[in-house]
Amino acid sequence: MIEFRSVTKTFPDGTHAVGDFSLVLPSRKTTVFVGSSGCGKTTLLRMINRMVEPTSGDVEIDGESVLGGDPVALRRRIGYVMQNSGLMPHFTVLDNVATVLRLTGVGKREAHERARTMLDTVGLDQHLADRYPSQLSGGQQQRVGVARGLAADPNILLMDEPFGAVDPIVRADLQQELIRLQSELDKTVVFVTHDIDEAFLLGDQVVILDKGARIVQVGSPSEIIENPADDFVEAFIGAERGRRALTVKQTPHGAVVVDSEGRTQGRLREAPTAVASDAAEPASRASDAIDGASGP
Ligand SMILES: Nc1ncnc2c1ncn2[C@@H]1O[C@H](COP(=O)(O)OP(=O)(O)OP(=O)(O)O)[C@@H](O)[C@H]1O
């Protein structure tokens, strides 16, 4: 479990990036920080591995302050995946993935072996191992970034807009891959995005932030969609428009669900009892009740 305790961050130039932020991020779940540009998402993420030092307050991992020990050792036991992959251009794919292992003293042979396994884990073909990052597509580079973040088998994986720079089709593919990976690996994932659909797709816990990393609402996707805290959240999640502004339309073959553009999204199942039990299952998605909805 990661816990932020009254954390603030003011940068040396006087910018108040985070003001009094407190939150528990449960273990083995995905928490998504979502909010518009400059609201403090990256700063929050980087305070977990001390790439940014808090001005005041504390961040704890399993009850232990991250501020007590050596920041370099801390960073090596926390996976980090960033936008544009952050791969080292003069290292091969295999060497990039093996980096953290090598830094922690693992021998070259063993590190490469482990790196090869990681390529399989993230769905990358072995023949890419000897290529350089510039010889890969954007989506492949991001997969290498994920493999590198996971190579040392960290309990915590921090992901900062990891799929922000790839086209929508590749992005959807990478999102599904992350869902698959998470179900296999069971990490504590902290994911930053400004895309609310991505947040709802990936997050067990979604944290909607406003300027200064002020928490506007925190909850499961279902909780937020079913009960937006205020007008800000309602506007942010697009509750009144697009794919979430759904209405029921009766047809000769039963009720269907139609979006705000008039497109039929799926067939409504008659399951009033299932609706009641959904409330007890926070991980359920609104789309679960819609037969045939393709998801965000
Ligand atoms: N090193 C820095 N020095 C001064 N101000 C900074 C620094 N890093 C970030 N900031 C400022 O702190 C605020 C929060 O930045 P942060 O990068 O955390 O936001 P964000 O929500 O991740 O934004 P984006 O989605 O655009 O990446 C912004 O106003 C930003 O300009």
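Residues numbered from 1 in each chain as written. Predicted model: local features only at pLDDT ≥ 70, side-chain atom pairs only at ≥ 80, totals over all residues. Heavy atoms only, no water.

1. Structural notes on the pattern of salt bridges
1) Next: Throughout the structure, instances matching the rule amount to 13 salt bridges.
2) Next: For E177, the salt bridge identified is with R143, shortest N-O distance 3.6 Å. With a gap of 34 residues between them, E177 in helix α6 (residues 168-185) and R143 in helix α5 (residues 138-150) connect regions that are remote in the sequence. This pair shows no difference in class: E177 is buried, exactly as R143 is.
3) Next: Taking the shortest distance from any N to any O, the salt bridge between D210 and R214 comes out at 3.4 Å.
4) Next: A residue is classified by how much of its surface remains accessible, and R214, at 45% relative accessible area, is partly exposed.
5) Next: Several salt bridges converge on common partners, so that one network encompasses R143, D173, E177, R180 and E184. (Salt bridge = Lys/Arg side-chain N within 4 Å of Asp/Glu carboxyl O. Helix = DSSP H or I, 4+ residues; strand = E, 2+ residues; numbered from the N terminus. Buried < 20%, exposed > 50% of the residue type's maximum accessible area, 1.4 Å probe, protein only.)

2. Comments concerning the site of the ligand
1) Next: As a structural note, the neighbourhood of the ligand is formed by 13 residues, with S37, G38, K41, T42 and T43 the closest of them.
2) Next: One of the backbone N or O atoms of C39 is found 3.1 Å from an oxygen atom in the ligand.
3) Next: Taking K41, its side chain carries an N or O atom lying 2.9 Å from an oxygen atom of the ligand.
4) Next: Its residues assigned to classes, the shell around the ligand comprises three nonpolar, seven polar and three charged. (Near = heavy atom within 4 Å. Polar contact = N/O pair within 3.5 Å; in protein donor to acceptor, adjacent residues only side chain to side chain. Nonpolar A, V, L, I, M, F, W, Y, C, P; charged D, E, K, R; others polar.)

3. Thoughts on the layout of surface pockets
1) Next: Space inside the second largest pocket adds up to approximately 380 Å³.
2) Next: Around the second largest pocket, the lining comprises 16 residues; the ones closest to its centre are R75, R76, I78, Y80 and V100.
3) Next: Of all elements in the fold, only α2 (71-76), β6 (78-82), α3 (93-103) and α5 reach the threshold of two or more residues within the lining of the second largest pocket.
4) Next: Tallying contributions element by element places β6 first for the lining of the second largest pocket, with four residues.
5) Next: By residue class, the composition of the lining of the second largest pocket is nine nonpolar, four polar and three charged. (1 Å grid on protein atoms, 1.4 Å probe; cavity = no way out; pocket = protein on both sides within 12 Å on 5 of 7 lines; lining within 4 Å. Points joined across faces, edges and corners; volume = space filled by probe spheres on them.)

4. Focus on the confidence of the model for the chain
1) Next: For the chain, mean pLDDT is 89; residues scoring 70 or higher make up 91% of the total.
2) Next: Strand β14 (residues 290-291) is the least confidently modelled element of the chain, averaging 50 in pLDDT, while strand β1 (residues 2-10) averages 98, the highest of any element.
3) Next: Note on residues 276-290: pLDDT under 50 across the span, and 20 contacts to partners over four residues away in sequence or across chains.
4) Next: Within the model, pLDDT remains below 50 along residues 292-296, and this stretch shows six contacts once partners closer than five positions in the same chain are excluded. (pLDDT = per-residue confidence, 0-100. Contact = heavy atoms within 4.5 Å.)

5. Details of the UniProt feature "domain: ABC transporter" (unreviewed entry) in the chain
1) Next: Annotation from UniProt places "domain: ABC transporter" (unreviewed entry) at residues 2-237.
2) Next: Span residues 2-237 is 38% helix and 26% strand, its end C-alpha atoms 26 Å apart. (UniProt positions renumbered as here; feature names shortened; annotations may be inferred.)

6. Some thoughts on the pairing of β1
1) Next: Across five bridges, β1 lies against strand β4 (residues 56-61) in antiparallel orientation. By the bridge assignment for β4, I2 is matched with I61.
2) Next: Count of turn residues in the β1/strand β2 (residues 16-25) antiparallel hairpin: five residues, of which G14 carries a positive phi of about 95°. (Pairing = 2+ DSSP bridges.)

7. Digging into the packing of α3 against helix α4 (residues 108-121)
Helix packing geometry: the angle between the two helix axes and the distance between the axes.
1) Next: Two elements in contact, α3 and α4, have axes separated by 8 Å at closest approach and are oriented at 120°. Considering the angle they form, α3 stands oblique to α4. As for how α3 packs across α4, the hand of that crossing is right-handed. Residues V93, L94, D95, V97, A98, L101 and R102 of α3 form the contact with α4, whose participating residues are K108, A111, H112, R114, A115, R116, M118 and L119.
2) Next: In terms of residue class, the contact of α3 with α4 is made up of nine nonpolar, one polar and five charged. (Axes fitted to C-alpha atoms, helices over the stretch in contact; angles between N-to-C directions. Parallel < 35°, antiparallel > 145°, perpendicular 65-115°, else oblique. Left-handed = near helix turned anticlockwise from the far one by under 90°.)

8. What to know about empty space enclosed by the protein
1) Next: Taken as a whole and assessed by the stated rule, the structure comprises two cavities of 30 Å³ or more.
2) Next: Within the residue set of the lining of the largest cavity, elements represented by two or more residues are α5 and α6.
3) Next: Counting residues per element, the lining of the largest cavity draws most heavily on α6, which supplies four residues.
4) Next: A class-by-class count of the residues in the lining of the largest cavity yields six nonpolar, no polar and two charged.
5) Next: There is about 40 Å³ of room inside the second largest cavity.
6) Next: Surrounding the second largest cavity, L150, L157, L178, L181, Q182, L185, K187 and V189 form its lining.
7) Next: Taken together, the residues of the lining of the second largest cavity sort by class into six nonpolar, one polar and one charged.

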